[in-house]
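Residue-level listing of the chains:
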Amino acid sequence: MPRKPSPRGGQSRNARSGARTPRRAVSNGSEPRRSGNGPPTSRPGQAAPAPTVALDPVEQLYARGLTDGLPVVPPTRERVQRALEELNRPADELIAEVPPNYGRATVEKIAINAVMAGCRPEYLPVVIAAVEAVCDEAFDLHGVSATTNSPAPLVIVNGPVRHALEINCGAGVFGPGWRANATIGRALRFVCVNLGGAVPGVVSMSTLAHPGRYTYCIGEREEASPWESLAVEHGFAPTDSTVALLAADAPLTVYDQRSRTAPDLCATIAASMAVIEHHKMTHWGDTLLVLSPEHAAIIAGDGWGKADVRRFLFERLQRPVRDLVPGRNGGDGLPEHVLRKFADPEHDVTLIPKFRKPEHIGIVVAGGSAGRFSAVVAGWSFSGGSNLVMRRIR
Amino acid sequence: MTEYLDPTDSVAVPRKTAPRPSSLDGKVVTLLDISKAKGDHLLDRVEELLRARTGVATIVRKKKPTFARPAPGPLRQEILDASDVVIEALAD
């Protein structure tokens, strides 16, 4: 499985990155900051810098409103050129128009955003595939970027590219420490904001959002999985490298140290899955179950495949109408057009499923070798909403 | 300032909103429900007030299939062809 690179791993290729940094004293932060007179591109929370730091490249990019709050790598012509040379595709090739503003994501524009995010040139094909996927109509990036709900595009990587780029699939898979995971997810975010217009608080009106909006990229730990990978399940060859994009909520950790059988463990998982979005939400769509290697081994040890897990969860996650009426354990519940189908919903025992189909429960194996923790990652996938979209990495 | 390449699409320009009419007298007003819960409650009340307080000629009610996506092209064209004013409701 891909391992964490050495502490200096991934750094050497950008050794020239300091060449353009002006040798100026950096402010100690004690000067009063200007406020309220930033340039027109300023975004909320990105006020113009004090004059003494105005020539610092990092501060200039803050002042132009082009960061996510963390510093970005200045997209100099040289850096972008280096990324494009490695890619060997025409710079003006149009990959997609990015909703909701439909800015043109050419190869060059994607490269500029990838450089800013800190990507190495060889990450670019992954970023391009991710941009293609989120701009597929089925993903509904318009809705994902504009909703008051919290989704962030989660990139799930399969295939040999995980090894080639040292994409983390193991310990701390959702966490920091790996350049590829950190910068590929961040590059996609920059494309959504800079080309799609998803500026927080302006177009992107998410009430809470979640930290995955900084970056959200994992690899599947195929080598520790008892089953075929997400990509192979979707018809790709094991030798293909792919991305799968899910408009995803934050991961919900599922703790279970003591289950030793598939039904026991899946009962635990079902109870956590039952509350995603709202405990009375029904007819939900694509959602991801991330099983740790230890949990996957317990389930596979009973001879269960992914389809058995899905079937178990689907069947268990059904509730009678009477438990889903608005006003019972919360004001939300079944919508009126569904309630109208039942003469006496308060007492009706007809079972309504949490998910529209078992196939909406995607399963991958990821995470460290030790630890009986899995995660449920809810999609933003009500009927008519976003769907999981996959693309082969070219 | 150092020259950096532009990560945004400078070709994409913000669209301007259509000119607002000074009066609703004789106008065709479309009320567009985006399919959020209780959007119809809000628009029912808006319709009531428009009828009571203005001289609108016609009020047309339309509904998007889902709030999660833009209105389909044919629906947008239909509204564009038939209306002077559109009021869109976001509820919950």
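Residues numbered from 1 in each chain as written. Chains lettered and ligands numbered in written order. Predicted model: local features only at pLDDT ≥ 70, side-chain atom pairs only at ≥ 80, totals over all residues.

**Student:** Would you explain the overall build of chain A in this entry?
**Tutor:** A tally of helices and strands in chain A yields 12 helices and 12 strands. Out of the 394 residues belonging to chain A, those deemed buried represent 47%. Across chain A, the fraction of contacts at a sequence separation of at least 24, relative to all contacts at a separation of at least 6, is 79%. (Helix = DSSP H or I, 4+ residues; strand = E, 2+ residues; numbered from the N terminus. Buried ≥ 20, exposed ≤ 12 C-beta atoms within 10 Å, placed from the backbone. Contact = placed C-beta atoms within 7 Å.)

**Student:** Please explain the overall build of chain B as it appears in this structure.
**Tutor:** In terms of helices and strands, chain B carries two helices and three strands. Counted from the first residue to the last, chain B has its helices and strands arranged as β-α-β-α-β. In terms of C-alpha radius of gyration, chain B reaches 18 Å, well past the compact-globule figure of 12 Å for 92 residues. When the backbone C-alpha atoms are referred to their principal axes, chain B occupies close to 60 × 30 × 25 Å. Residues classed as buried in chain B amount to 14% of the 92 residues present. (Rg over C-alpha atoms; globule rule 2.2 N^0.38 Å.)

**Student:** Sorry if this is basic, but what is going on with the sheet that holds strand E11 (residues 373–377) of chain A here?
**Tutor:** Picture the strands of a sheet paired through backbone hydrogen bonds; they go either parallel or antiparallel. Residues and elements named next belong to chain A. In space, the four strands of this open sheet follow the order E6-E11-E7-E10, with mixed pairing throughout. Pairing within the sheet leaves two strands with one partner each, and these edge strands are strand E6 (252–255) and strand E10 (361–365). Strand after strand, the sheet turns through a mean of 25° between neighbouring axes, direction not considered. Relative to E11, E6 runs antiparallel, the two sharing four bridges. Within the sheet, the bridge partner assigned to Val254 lies in E11 and is Ser374. Lying over the sheet, helix H9 (residues 262–273) contacts E6, strand E7 (287–291) and E11, oriented at roughly 150° with respect to E6. (Pairing = 2+ DSSP bridges. Axes fitted to C-alpha atoms, helices over the stretch in contact; angles between N-to-C directions.)

**Student:** Looking at this structure, I do not really get the interface of chain B and chain A. What am I missing?
**Tutor:** A common measure of how large an interface is: the accessible area buried when the components associate. The interface of chain B with chain A comprises 15 residues on the first partner and 26 residues on the second. Split by residue class, the side of chain B that touches chain A holds 10 nonpolar, three polar and two charged. (Nonpolar A, V, L, I, M, F, W, Y, C, P; charged D, E, K, R; others polar.)

**Student:** I'm lost on the confidence of the model for chain A in this one. Help?
**Tutor:** Regions with low pLDDT should not have their predicted coordinates read in detail. Of the residues in chain A, 87% have a pLDDT of 70 or more, and the chain-wide mean is 89. In this model, residues 1–42 of chain A is a region of pLDDT below 50 whose contacts with residues beyond four sequence positions or in other chains number 56 contacts. (pLDDT = per-residue confidence, 0-100.)

**Student:** Got a minute to help me understand the sheet that holds strand E3 (residues 152–158) of chain A in this structure?
**Tutor:** All names here are of chain A. Reading across from one edge, E4-E3-E5-E12 is the order of the four strands in this open sheet, with mixed pairing throughout. The open sheet has two edge strands, strand E4 (217–219) and strand E12 (389–392), and neither has a second partner. The mean angle between the axes of side-by-side strands here comes to 25°, regardless of whether they run parallel or antiparallel. Relative to E4, E3 runs parallel, the two being bridged by three bridges. Counterpart to Val155 in the pairing with E4 is Cys217.

**Student:** Sorry, what's going on with the packing of H9(A) against helix H10 (residues 293–301) of chain A here?
**Tutor:** Packed helices, taken two at a time, are described by their axes: the angle between them and the distance between them. Residues and elements named next belong to chain A. Contact geometry of H9 with H10 gives a least axis separation of 8 Å together with a crossing angle of 130°. One element, H9, and the other, H10, form an angle in the oblique class. Contacts between H9 and H10 involve Ala262, Leu265 and Cys266 on the former and, on the latter, His295, Ile298 and Ile299. In terms of residue class, the contact of H9 with H10 is made up of five nonpolar, one polar and no charged. (Parallel < 35°, antiparallel > 145°, perpendicular 65-115°, else oblique.)

**Student:** Even after reading the chapter, I still don't get the packing of helix H4 (residues 124–134) of chain A against helix H7 (residues 179–194) of chain A, so can you show me in this structure?
**Tutor:** Residues and elements named next belong to chain A. Running from N to C, H4 and H7 point in directions that differ by 45°, and their axes come no closer than 10 Å. The pairing of H4 with H7 is recorded here as oblique in orientation. Classified by chirality, the crossing of H7 by H4 is right-handed. Touching Val126, Val127, Ala130, Val131 and Val134 of H4 are Ile184, Ala187, Leu188 and Val191, all from H7. (Left-handed = near helix turned anticlockwise from the far one by under 90°.)

**Student:** It is not clear to me how unusual backbone geometry should be interpreted in this structure. Could you clarify?
**Tutor:** Residues and elements named next belong to chain A. Looking along the chain, the bond that leaves Pro99 and enters Pro100 is cis, with omega of 0°. Within the secondary structure, Pro100 sits in the loop between strand E1 (94–98) and strand E2 (103–106). Although it is not a glycine, Tyr102 sits at a positive phi angle of roughly 60°. Given 16 C-beta atoms within a 10 Å radius, Tyr102 is considered partly exposed. A positive phi angle is found at Ala209, which is not glycine, with a value near 50°. Here Ala209 is to be found in the loop between H7 and E4.

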